[in-house]
Amino acid sequence: MQASANGHRPGRGRTRYPARYSAFGLLRRGLVQQEWPPAWRSQPMKDRYDVVIVGGGVHGLAAAYYLAANHGITDVAVLEQGYLGSGGSGRNTAILRSNYLTPEGVRFYDRSIKLYQRLAADLDFNVMFSQRGHLTLAHSDASLRTMRWRAEVNKIEGVDSDVIGPAEVKRLVPFLDVSAAARYPVLGALWHPPGGIIRHDAVVWGYARGASARGVHLHQNTEVTGIDVADGRVRGVRTSRGDIATRVVLNATAGWSTLISDMAGVAMPVQTFPLQAAVTEPVKPFLSTVVVSGTLHVYVSQTDRGELVFGASVDPFTSYSTRGSLEFIEGLAGHVLELMPALTKVRVLRQWSGLCDMTPDFSPIMGRTPVDGFLTDVGWGTYGFKAGPVAGEAMAECIASGRTPEIIAAFGLARFADGALVGEKGAAAVGH
Amino acid sequence: MILLPCAWCGPRDAAEFQHVGEVVTRPDPRTATPAQWRAYLYLRANPRGWTVETWYHRMGCRRFFKVERHTETNEVRPVTAAEVPGAAAAGVAGPAGAAGPAGMAGTAGTAGTAGPAGAAGAAGAAGTAGASG
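Residues numbered from 1 in each chain as written. Chains lettered and ligands numbered in written order. Predicted model: local features only at pLDDT ≥ 70, side-chain atom pairs only at ≥ 80, totals over all residues. Heavy atoms only, no water.

## Observations concerning the nonpolar core
All names here are of chain A.
- Of all hydrophobic cores here, the largest spans 71 residues; its most connected members are I53, F108, Y116, I198, V203 and Y207.
- For this core, the element with the highest residue contribution is helix 2 (residues 58–71), accounting for nine residues.
- Apart from the residues lying within four places of it in its own chain, the contact partners of Y116 are V58, L96, F129, I198, V203, F385, K386, G388 and P389. (Core = buried A, V, L, I, M, F, W, Y, C linked by side-chain atoms within 4.5 Å. Buried < 20%, exposed > 50% of the residue type's maximum accessible area, 1.4 Å probe, protein only. Helix = DSSP H or I, 4+ residues; strand = E, 2+ residues; numbered from the N terminus. Contact = heavy atoms within 4.5 Å.)

## With respect to the sheet that holds strand 6 (residues 76–78) of chain B
Residue and element names in this part refer to chain B.
- Taken together, the four strands give an open sheet; going across it, the order is 3-4-5-6, and neighbouring strands pair in antiparallel fashion. With partners counted over all chains shown, the strands left at the sheet margins are strand 3 (18–22) and strand 6, one partner each. In this sheet, neighbouring strand axes are inclined to one another by 40 degrees on average, regardless of whether the strands run parallel or antiparallel.
- Note: strand 3 against strand 4 (residues 50–56), four bridges, orientation antiparallel. (Pairing = 2+ DSSP bridges. Axes fitted to C-alpha atoms, helices over the stretch in contact; angles between N-to-C directions.)

## With respect to the sheet that holds strand 8 (residues 217–219) of chain A
Residues and elements named next belong to chain A.
- Here six strands make up an open sheet; going across it, the order is 8-2-1-12-19-18 and the pairing mixed. The two strands at the open ends of the sheet, each matched to only one other strand, are strand 8 and strand 18 (365–368). Neighbour-to-neighbour, the strand axes of this sheet turn through a mean angle of 20 degrees, independent of strand direction.
- Sheet analysis places strand 12 (residues 248–251) next to strand 19 (residues 374–378), joined by three bridges and oriented parallel. Paired with V249 across the two strands is F374, which belongs to strand 19.

## Re the pattern of salt bridges
- The tally for this structure, following the rule as stated, stands at 23 salt bridges over all chains.
- Salt-bridge contacts for D231 of chain A lead to R235 of chain A; the nearest nitrogen and oxygen are separated by 4.0 Å.
- The class for D231 of chain A is exposed, based on a relative accessible area of 74%.
- Owing to a relative accessible area of 36%, R235 of chain A belongs among the partly exposed residues under this scheme.
- Of the charged contacts, one joins R30 of chain B and D28 of chain B as a salt bridge, the two residues approaching to 3.1 Å between their closest N and O atoms.
- With a relative accessible area of 31%, D28 of chain B lands in the partly exposed category.
- When salt bridges with common partners are traced through the structure, they connect R20, D124 and R209 of chain A into a single cluster. (Salt bridge = Lys/Arg side-chain N within 4 Å of Asp/Glu carboxyl O.)

## A short note on the packing of aromatic side chains
- All told, the structure shown has 19 aromatic pairs over all chains when counted by the stated rule.
- Ring centres 6.4 Å apart and planes at 70 degrees place the aromatic pair W380 of chain A and Y383 of chain A in the edge-to-face group.
- In this structure Y383 of chain A comes out as buried when scored by relative accessible area, which is 0%.
- Centre to centre, the rings of Y56 of chain B and F64 of chain B are 4.6 Å apart; their planes meet at 25 degrees, and the pair counts as stacked. (Phe/Tyr/Trp six-rings, centres within 6.5 Å; stacked < 30°, edge-to-face > 60°.)

## Regarding the packing of helix 2 of chain A against helix 10 (residues 388–401) of chain A
Residue and element names in this part refer to chain A.
- At a minimum axis distance of 7 Å, the contact between helix 2 and helix 10 shows a crossing angle of 55 degrees. Taken together, the axes of helix 2 and helix 10 are oblique relative to one another. Crossing of helix 2 over helix 10 shows right-handed handedness. Between helix 2, through V58, H59, A62, A63, Y66, L67, N70 and H71, and helix 10, the contact on the second element is made entirely by G388, P389, A391, G392, E393, M395, A396, E397, I399 and A400.
- Taken together, the residues of the contact of helix 2 with helix 10 sort by class into eleven nonpolar, five polar and two charged. (Parallel < 35°, antiparallel > 145°, perpendicular 65-115°, else oblique. Left-handed = near helix turned anticlockwise from the far one by under 90°. Nonpolar A, V, L, I, M, F, W, Y, C, P; charged D, E, K, R; others polar.)

## Focus: the interface of chain B and chain A
- Contact with chain B, which involves 18 residues of that partner, is made by 24 residues of chain A.
- Roughly 1700 Å² of surface becomes buried between chain B and chain A when both sides are summed, with 52% attributable to carbon and sulfur atoms.
- Where chain B touches chain A, the interface holds zero salt bridges.
- Scanning the region where chain B abuts chain A turns up eight residue pairs in polar contact (both at pLDDT 80 or more).
- The class makeup of the residues in the side of chain B that touches chain A is seven nonpolar, four polar and seven charged. (Buried area = accessible area lost by both parts, 1.4 Å probe. Polar contact = N/O pair within 3.5 Å; in protein donor to acceptor, adjacent residues only side chain to side chain.)

## So, a nonpolar patch on the surface
- A grouping of F24, L27, L31 and V32 of chain A is seen on the molecular surface, where their side chains present a nonpolar patch of about 430 Å² in accessible area.
- Secondary-structure assignment places L31 of chain A in helix 1 (residues 23–32). (Patch = residues over 30% accessible without salt bridge, like charges linked within 9 Å, V, L, I, M, F, W, Y side chains within 5 Å. Areas by Shrake-Rupley, 256 points an atom, 1.4 Å probe, with all protein chains shown as cover.)

## Re unusual backbone geometry
Residues and elements named next belong to chain A.
- Its identity is not glycine, yet D231 carries a phi of approximately 55 degrees, on the positive side.
- Its place among the elements puts D231 in the loop between strand 9 (224–230) and strand 10 (233–239).
- For H297, which is not glycine, the phi dihedral falls at a positive 55 degrees.
- The class for H297 is partly exposed, based on a relative accessible area of 29%.

From the geometry alone we can't say anything about function, so treat these as descriptive.
Pasting the structure below:
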């Protein structure tokens, strides 16, 4: 028997798929040096699928997973132009929260947090969700007023949020400069205990593994080049690896969403902006919450490895470029030091950029479109990752039942023609 | 760092400017239906490639002008009159009005060649002098 390429002894016995992950399994495989099977399989591409999902990020994979798990629809293909999670799902700052401004938004994101809470058990994959609390700082009377508003809307919807004063902020985050001498003194904060951070790659991989185990085909390095529409309904998808006949296409491509929607002839109120983020070298644990400052355009959290992750507002102009800029990192460092002067000697390891499909009202565009069989789960701007599970669940229901679920009824494309916008600008992001 | 060819100040750092966005044609508010008006307000082409857009030189001459930018590489080149959507219809160009080198009536003929940013700046400066005199 030949040794496998990476030097491990070849596995004994039959390899079950998918491997069940457990502490005992880890110990056993450690002892017998058995190979882990791949988390998901790759299959040859068929020329026909019931459902084609464009975009292999958390949204597309979650929709595929819930189609298979909740509705038994398994003849599904997920097409990804790069590798799974190579877009916004791998570039966000992994913050989860539900302290939004509109009742529709709060209900929607709260459902997502509830799904995230049990996701590790559902997927048999450790997604490392740490509900460490989320703190949004107010540096002005106006932002304090918006936070009171958000806190009251949250309480009515059963979401734990409250406005706290500077003394309590200092108790939660001792390294924060809450003195009156700060350039932007901290007047108070919106404290949201259910918020936290998660391992974003693990969420993508967990959904991919769960979907693949239920029969969904995952096609990486497969770029969609066209969508065939005839008589107002979808007939198929053309890709860089051949054509697929299908009657249902879900666009879950975030920053690239207008390119896909254009192929189906659906105009979108979306503009693509890059959003940059950065991470520092690891330091000892000192920050146990997520800290956000809208005035300073920055949010900070500390990962389990000790790195500080910084996010910001979107770049000042539209672009499909994912290159970082020096202006950004200069500005970001200045803003972080306004908040936490103790970090002057901490070095930035790297910065990166992801694409955000911004909508006029900072809410997503979900559900059916004028083209029959072409559905969208786009417009995710700077807040898409936290909504992955609920968006996948709702879109799966939308595809399976043919009706728009109540939880996403407010987020349809038609609202821009009707004028019934869902304004989340005050709670969706920083510095807009 | 991106250099933008301001029609009046020459090539300047993009940080001095405010991105106004894609050039869109404003329908006549007296005759537009609500659907047309909302399409004008919200719908954008959001192309990946060359696009004509309006910028505002907020920390400089405080004028609006148009440039053509590649949204993937962020290359910028001066815009020519023929490339501005809706430029043929009078009064639809918004506050930018007769902006850009191409907008200078006297130099419109020569602005057809997308020259280097510096040349565009010089043409723009000449145009400004003419306009103020």
